[in-house]
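Spelled out, the chains give:
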Amino acid sequence: MSTHPKASPAHRAGLALLSFAAVLAAWSAASYGGLVKDLFLPKPHSVLLAFADMHRDGILLSYTWDSVYRVMVGWSLAVAAAVPLGLFIATSRRGAAVCAPLIEFARYLPVVALVPLTLLYFGIGDGQKFAIIFLGTFFQLALMVADSVAAVPRDLGRAAATLGASRAQIYRMVLLPGALPGIMDDLRITVGWAWTYLVVAELVAANSGLGYMILRAQRFLAIDRIFAGLVLIGLLGLATDWLFKTATRLCVPWSEKVDA
Amino acid sequence: MSALLEIRDLRKDFSGAAGPVTALEGIDLDVAEGELAVIVGPSGCGKSTLLNIVAGLEHGTGGEARIDGRPITGPGADRGMVFQSYTLFPWLSVRENVEFGLRIKGVPKDERAETARRYLGLVGLADFENALPKELSGGMKQRVAIARVLANQPRMLLMDEPFGALDAQTRLVLQELLLGIRAQERSTVLFITHDIDEAILLADNVYVMSRRPGRLKARIPVDIPRPRDHRVTVSADFAAVKARIMELLWEEITA
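All of these numbers come straight from a predicted model, not from anything done at the bench.

(A) Representation of the side chain of threonine 87 of chain B within the structure. Considering the arrangement of structural elements, one finds threonine 87 of chain B in the loop between strand 6 (79–82) and helix 2 (94–105). A relative accessible area of 2% places threonine 87 of chain B in the buried class. Setting aside residues up to four positions removed in sequence, threonine 87 of chain B forms contacts with Asp155, Leu156 and Ala159 of chain A together with Arg148 of chain B.

This is the structure in structure tokens:
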């Protein structure tokens, strides 16, 4: 019936804005129209005021930075360990035999259940947040990277071998660049999880950060601040996603996933 | 003088799901310097396995294979392979793909680029050196793959159904291109196909392989004079050779 012409970037941005506008409109109707009590659904403008209040209190930027910092460190540690391990699992039968079952076991442990244990080991400071994020992303990421490396067509490595490449050169010049688009996707997905686990950890025990901010707001029934915290986390997620997509476009412009 | 490639009593056993499988048995094959040898056989006969053993990507379980008198122990730049699947590195430009082997050898940048341009000219893609593989058609990708192997100046070119995934017209064009390149570069080629017309058009010698376990059951010399092009495929000489090969293959297909 119809073909699907590619939407231009401006067109797509317009559609995205439209969906946000629709949510905002429904929210406004429900709150300003008095359908839902202020206690349960704050008015949009009071959420904006809550942002201003928290900024005046000096917690908006410092709490945001604390959370961003925790995600970056915890997740980077996981990446630094998981990418080489994934490469190893994908290319060594013995490596897969040794590591894969252990990782499969570990990744089914809900990381949330490890929060009490990590509190015991690391206290409520940044170290515990790093640990939770690491535990929540490392195992899955190692398996995802292994899959991405295994998805590089075998004949690429074989072609390189008949052009004179050694095993080490095949790793460096074929497998790693070949797996990079997949690995970029894996990174983008797991950084999202890192945010989730961080907020959980901060809700349980912390003395700064966005999860902590939301928890405190709940204690004071400051629903406008809760919403402000949620909006902020959402915006940070959007920004992260955008950053990764831009980085993918810059790092792997050759990928079939990137439009020419 | 001994042949460039010598294979003696080569054997290959696999452990398959339903017990041990003999893929190759009693393979004897000599390919002389400058010869274009083509192996045809029914699918699953082990012809790709044979080529992979020559490439050093697989190992025989008996007998031996020698190149330049030295036993083949693993892959090397002296035996460049063109695959049926597209194996250009998608993150490298066309020219960088052709330079790949030279980069590994440590050839200086300018020299690399010059060599790559020469071979891209040879396969008719001089204007595409900066294109990415994803911008090329299947036939163009295989042209680049051929240039990439040639630029490395291997002792021998191994081709595993390189035109098998292409449409009939493109295949003809590339067959003629290969004939032209071979005449110019004096390359030694071991070529695998299941397309009898392709085999006869290209070959000095066609080897017919039997069903599993794969053996070379006959060598058919093709004396059709060179230079050849697609017109020879309708000549009487061609038909006579084809009839012989068909006969031999038919026994394998229907046995």
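(B) Region of the structure containing a nonpolar patch on the surface. All names here are of chain A. Among the surface-exposed residues, Leu35, Val36, Leu39, Phe40 and Leu221 lie close enough to one another that they form a single nonpolar patch of about 550 Å² accessible area. Position of valine 36 among the secondary structure elements: in the loop between helix 1 (9–32) and helix 2 (44–57). Taking relative accessible area as the criterion, valine 36 reaches 30% and is therefore assigned partly exposed.

(C) Region of the structure containing the sheet that holds strand 1 (residues 5–16) of chain B. All names here are of chain B. Ordered in space as 2-1-4-5, the four strands form an open sheet in which the pairing is antiparallel. Each of the sheet's edge strands pairs with one partner strand only, and the pair in question is strand 2 (19–31) and strand 5 (70–71). Contacts from helix 1 (residues 47–55) reach strand 1 and strand 2, with the element oriented near 120° to strand 1.

(D) Representation of the interface of chain A and chain B. Listed as interface residues are 21 residues of chain A and, on the opposing side, 26 residues of chain B. Both faces combined, the contact of chain A with chain B buries some 2000 Å², and carbon together with sulfur accounts for 69% of it. When the buried area of chain A at its contact with chain B is split by residue, Thr162, Leu163 and Trp254 of chain A rank highest and sum to 37% of it. On the surface where chain A and chain B come into contact, there are six residue pairs in polar contact (both at pLDDT 80 or more). Of all the elements in the fold, those that place two or more residues in the side of chain A that touches chain B are helix 7 (154–162) and helix 8 (167–204) of chain A.

(E) Expanded view of helix 5 (residues 168–185) of chain B. Residues and elements named next belong to chain B. An ideal rise of 1.5 Å per residue puts 26 Å on 18 residues; helix 5 measures up with 25 Å between its terminal C-alpha atoms. Three or more residues of helix 5 are buried, namely Leu174, Gln175, Leu177, Leu178, Leu179, Ile181 and Arg182. Put simply, aspartate 167 is the residue that caps the front of helix 5, since its side-chain oxygen is 3.1 Å from the backbone nitrogen of glutamine 169. Just downstream of helix 5, arginine 186 is the residue with a positive phi angle, here 55°.

(F) Seen up close, helix 8 of chain A. Taking 1.5 Å of rise per residue, the 38 residues of helix 8 of chain A would be expected to cover 56 Å, yet its terminal C-alpha atoms sit only 48 Å apart, more than 12% below that figure. Along its length, helix 8 of chain A reaches its greatest deviation from straightness, about 50°, at leucine 180 of chain A, and the proline proline 181 of chain A lies no more than four positions downstream.

(G) How the structure looks around the packing of aromatic side chains. By the definition in use, this model includes twelve aromatic pairs over all chains. A centroid spacing of 5.9 Å and a plane angle of 65° characterise the contact between tyrosine 63 of chain A and tyrosine 212 of chain A, whose relative ring orientation is edge-to-face. With tyrosine 63 of chain A in helix 3 (residues 60–91) and tyrosine 212 of chain A in helix 9 (residues 210–219), the pair connects residues that are 149 residues apart, well separated along the chain. Taking relative accessible area as the criterion, tyrosine 63 of chain A reaches 12% and is therefore assigned buried. Its relative accessible area of 15% is what places tyrosine 212 of chain A among the buried residues. Between tyrosine 69 of chain A and phenylalanine 130 of chain A the ring centres are 5.9 Å apart and the planes differ by 70°, which places this aromatic pair in the edge-to-face class. With a gap of 61 residues between them, tyrosine 69 of chain A in helix 3 and phenylalanine 130 of chain A in helix 6 (residues 126–150) connect regions that are remote in the sequence. Residue class for tyrosine 69 of chain A comes out partly exposed when judged on its relative accessible area of 32%. Looking at phenylalanine 130 of chain A, the relative accessible area reads 15%, which means it is buried. Taken together, the ring pairs connect Trp254 of chain A together with Phe89, Trp91 and Phe100 of chain B into an aromatic cluster. It is lysine 12 of chain B that lies over the ring of phenylalanine 14 of chain B; its NZ or CZ is 5.3 Å from the centre.

(H) The arrangement of the side chain of serine 187 of chain B in detail. Residue and element names in this part refer to chain B. Looking at the element boundaries, serine 187 is found in the loop between helix 5 and strand 8 (189–193). The buried category is assigned to serine 187, whose relative accessible area is 10%. Discounting chain neighbours no more than four positions away, the residues touching serine 187 are Gly34, Glu35, Leu150 and Arg182.

(I) Layout of the pairing of strand 8 of chain B. Residue and element names in this part refer to chain B. Counting buried residues along strand 8, five of its five residues qualify, which places the element largely inside the surrounding structure. Taking every second residue as pointing to the same face, both faces of strand 8 are buried, with Val189, Phe191 and Thr193 on one and Leu190 and Ile192 on the other. As defined by bridge partners, strand 3 (residues 36–40) adjoins strand 8 across five bridges and the pair is classed as parallel. Following the sheet pairing, valine 40 is matched in strand 8 by threonine 193. Pairing analysis gives four bridges linking strand 7 (residues 156–160) to strand 8, with the strands arranged parallel. The partner of methionine 159 across the bridge, within strand 8, is phenylalanine 191.

(J) Expanded view of the pattern of salt bridges. Counted according to the given criterion, the structure contains 32 salt bridges over all chains. As a salt-bridge pair, aspartate 38 of chain A and lysine 43 of chain A come within 2.9 Å of each other at their nearest N and O atoms. The closest approach of N and O atoms between arginine 70 of chain A and glutamate 202 of chain A, which form a salt bridge, is 2.7 Å. Taken together, the residues span a long stretch of sequence, with arginine 70 of chain A in helix 3 and glutamate 202 of chain A in helix 8 at a distance of 132 residues. Salt bridges linked by common partners bring Arg95, Glu99, Arg112, Arg117 and Glu129 of chain B together as one network.

(K) How the structure looks around the nonpolar core. Grouped together as the largest cluster of nonpolar side chains are 124 residues, with contacts concentrated most on Phe100, Phe191 and Ile245 of chain B. With residues near it in sequence (within four places) discarded, phenylalanine 100 of chain B still touches Ala160, Leu163, Ala165, Met173 and Val174 of chain A together with Phe89 and Leu92 of chain B. Within the second largest apolar cluster, 30 residues are counted, among which are Ala23, Ile27, Ala37 and Leu50 of chain B.

(L) The confidence of the model for chain A, seen in detail. In the predicted model, chain A carries a mean pLDDT of 91, and the fraction of residues at 70 or more is 96%. Looking across chain A, the model is least confident in helix 4 (residues 93–107) of chain A, with a mean pLDDT of 86, and most confident in helix 7 of chain A, with 96.

(M) Highlighting the packing of helix 3 of chain A against helix 6 of chain A. All names here are of chain A. At a minimum axis separation of 6 Å, helix 3 and helix 6 run at an interaxial angle of 30°. Regarding the angle of helix 3 to helix 6, the classification is roughly parallel. Of the two possible hands of crossing, helix 3 and helix 6 adopt the one that is right-handed. When the residues that make up the contact of helix 3 with helix 6 are grouped by side-chain class, the tally is 24 nonpolar, four polar and three charged.

Reading guide: rules and limits
Residues numbered from 1 in each chain as written. Chains lettered and ligands numbered in written order. Predicted model: local features only at pLDDT ≥ 70, side-chain atom pairs only at ≥ 80, totals over all residues. Heavy atoms only, no water. Helix = DSSP H or I, 4+ residues; strand = E, 2+ residues; numbered from the N terminus. Buried < 20%, exposed > 50% of the residue type's maximum accessible area, 1.4 Å probe, protein only. Contact = heavy atoms within 4.5 Å. Patch = residues over 30% accessible without salt bridge, like charges linked within 9 Å, V, L, I, M, F, W, Y side chains within 5 Å. Areas by Shrake-Rupley, 256 points an atom, 1.4 Å probe, with all protein chains shown as cover. Salt bridge = Lys/Arg side-chain N within 4 Å of Asp/Glu carboxyl O. Pairing = 2+ DSSP bridges. Axes fitted to C-alpha atoms, helices over the stretch in contact; angles between N-to-C directions. Buried area = accessible area lost by both parts, 1.4 Å probe. Polar contact = N/O pair within 3.5 Å; in protein donor to acceptor, adjacent residues only side chain to side chain. Expected span 1.5 Å × (residues − 1). Bend = angle between axes of the 7 residues up to and from the residue. Phe/Tyr/Trp six-rings, centres within 6.5 Å; stacked < 30°, edge-to-face > 60°. Lys NZ or Arg CZ within 6 Å of the ring centre and 35° of its normal. Core = buried A, V, L, I, M, F, W, Y, C linked by side-chain atoms within 4.5 Å. pLDDT = per-residue confidence, 0-100. Parallel < 35°, antiparallel > 145°, perpendicular 65-115°, else oblique. Left-handed = near helix turned anticlockwise from the far one by under 90°. Nonpolar A, V, L, I, M, F, W, Y, C, P; charged D, E, K, R; others polar.

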